[in-house]
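Residue strings, one per chain:
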Amino acid sequence: MHITFTIYAQGEIDAQPKVFYRNEQSFAFLLNSNGWGLNFRYGKRLDAFNKRLYEIDFAYIKHPKEARTYSTTNSGAKFVYGKMNLAFDFRFSLGKQHEIFRKQDVGGIAIRYFYNFGPSIALLKPIYYNLDDVVPREEPDGTGGTVIKYYLVPREEPERYDPDWRNVGNVVIDKRASFFRGFGDLSVVPGAFAKFGFNFEYSKQDRVIHAIEAGVILEGFAKELTIMDVAKNQQVFFTLFVSYRIGRIVDPYEVKKKREKAKSISY
């Protein structure tokens, strides 16, 4: 059974047939106060105003002290001096969304709030750098004497960042090595998080989702995420986010009918 109804309201009349059982599949791109992220959401309708949310997040976490600098030996190369690891965060959550204000006409905005919580896993990938050794050489100065000149000699293989480089004057970072080097040395840090936000959905099509979301994330890990070579790395993160969400409304009864039809055809 497929249930539809039509709404007439002020503004541009919306004559589209409405899906009553409004499950949701959507993706979002997040800009966070400490990086960026991606999100997948499946929302299952509970009643006219509420949905159960199942979500997966991927986030890239930056340290607040990160600052890019240009290489002194490789023109155009940039890196964050003192950065030891790249931090990738995977979150798995269960939550709920409640509709506060329903869209009344085409071009209107539906306002909802949502919250979810669950476990998270941070992956720390070591960063490798291409290095040059500063080598002194004694050379004739053209007047019968000698002079000491310094030359940069590249090392054959990239090396994992070492905090002792700060105290050694004869090592120079040329540039950061390939992104793919270091995946064999991943470390895993478990954690947990909670998210709260507001959803502003403005699509003119009933079966399509276009929304802006904003909110906060509180997340803690079993130990500090060692991103930078500094005295203090964070273990607990309070993150602000804004995101753009796109997706579609799924009618489970339509899906069921299509499956049954495909099954009957196959027989």
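Thresholds, definitions, all that
- Residues numbered from 1 in each chain as written.
- Predicted model: local features only at pLDDT ≥ 70, side-chain atom pairs only at ≥ 80, totals over all residues.
- Heavy atoms only, no water.
- Pairing = 2+ DSSP bridges.
- Helix = DSSP H or I, 4+ residues; strand = E, 2+ residues; numbered from the N terminus.
- Buried < 20%, exposed > 50% of the residue type's maximum accessible area, 1.4 Å probe, protein only.
- Polar contact = N/O pair within 3.5 Å; in protein donor to acceptor, adjacent residues only side chain to side chain.
- Contact = heavy atoms within 4.5 Å.
- Salt bridge = Lys/Arg side-chain N within 4 Å of Asp/Glu carboxyl O.
- pLDDT = per-residue confidence, 0-100.
- Phe/Tyr/Trp six-rings, centres within 6.5 Å; stacked < 30°, edge-to-face > 60°.
- Lys NZ or Arg CZ within 6 Å of the ring centre and 35° of its normal.

Peer 1: Give me the pairing of strand β14 (residues 236-250): which residues, what numbers.
Peer 2: Along a regular strand, successive side chains alternate from one face of the sheet to the other. In the sheet, strand β1 (residues 23-32) pairs with β14 via 10 bridges, with the strands oriented antiparallel. Across the sheet, residue A28 finds its bridge partner in β14, namely R245. Here strand β13 (residues 208-221) runs beside β14; their pairing, made up of 13 bridges, is antiparallel. Across the sheet, E213 pairs through a bridge with S243, a residue of β14.

Peer 1: Can you tell me about the side chain of N233, naming the residues and giving the values?
Peer 2: Residue placement: N233 occurs in the loop between β13 and β14. Residue N233 is classed as buried on the basis of its relative accessible area of 3%. Among the polar contacts listed, one links the side chain of N233 to the side chain of H63, at a separation of 3.5 Å. If near-sequence neighbours (up to four positions away) are discounted, N233 is found in contact with H63, E224, L225, T226, I227 and M228.

Peer 1: Run through the pattern of salt bridges, naming residues and quoting values.
Peer 2: Following the criterion strictly, the structure yields 18 salt bridges and no others. Among the ionic pairs, D133 bridges to R155, the shortest N-O distance being 2.8 Å. Placement of D133 in strand β8 (residues 128-140) and of R155 in the loop between β9 (146-154) and β10 (159-160) is noted, with a sequence separation of 22 residues between them. The salt bridge involving R181 is made with E157; its shortest N-O contact spans 3.5 Å. Of the two residues, R181 is situated in the loop between β11 (171-176) and β12 (187-201) and E157 in the loop between β9 and β10; the sequence distance between them amounts to 24 residues.

Peer 1: Got a sec to walk through the confidence of the model for the protein chain? Specific residues and values, please.
Peer 2: For the protein chain, per-residue confidence averages 85 on the pLDDT scale, and 85% of positions sit at 70 or higher. Below a pLDDT of 50 lies the segment residues 1-10, which in the model reaches 22 contacts outside its immediate sequence neighbourhood of four places, other chains included.

Peer 1: Before we move on, can you summarise the packing of aromatic side chains with the specific residues and values?
Peer 2: For the structure shown, the criterion picks out 20 aromatic pairs. Pairing Y42 with Y54 gives two aromatic rings, centres 6.5 Å apart and planes at 35 degrees, and the pair type is tilted. One end of the pair, Y42, is in strand β2 (residues 35-45); the other, Y54, is in strand β3 (residues 50-61), and 12 residues separate them in sequence. Pairwise contacts between aromatic rings join F29, W36, F58, Y60, F88, F90, F179, F180 and F183 into one cluster. Over the ring of F179 we find K125; its NZ or CZ atom is 5.5 Å from the centre of that ring. Directly above the aromatic system of Y151 lies the positively charged group of R137, at a separation of 4.9 Å from the ring centroid.

Peer 1: I'd love a proper account of the pairing of β13, names of residues and values included.
Peer 2: Side-chain alternation along β13 places I209, A211, E213, G215, I217, E219 and F221 on a buried face and V208, H210, I212, A214, V216, L218 and G220 on a face that remains uncovered. For β12 and β13, the ladder comprises 11 bridges, and the chain directions are antiparallel. If you follow F198 over to β13, its bridge partner there is A214. What sits between the antiparallel neighbours β12 and β13 is a turn of 6 residues.

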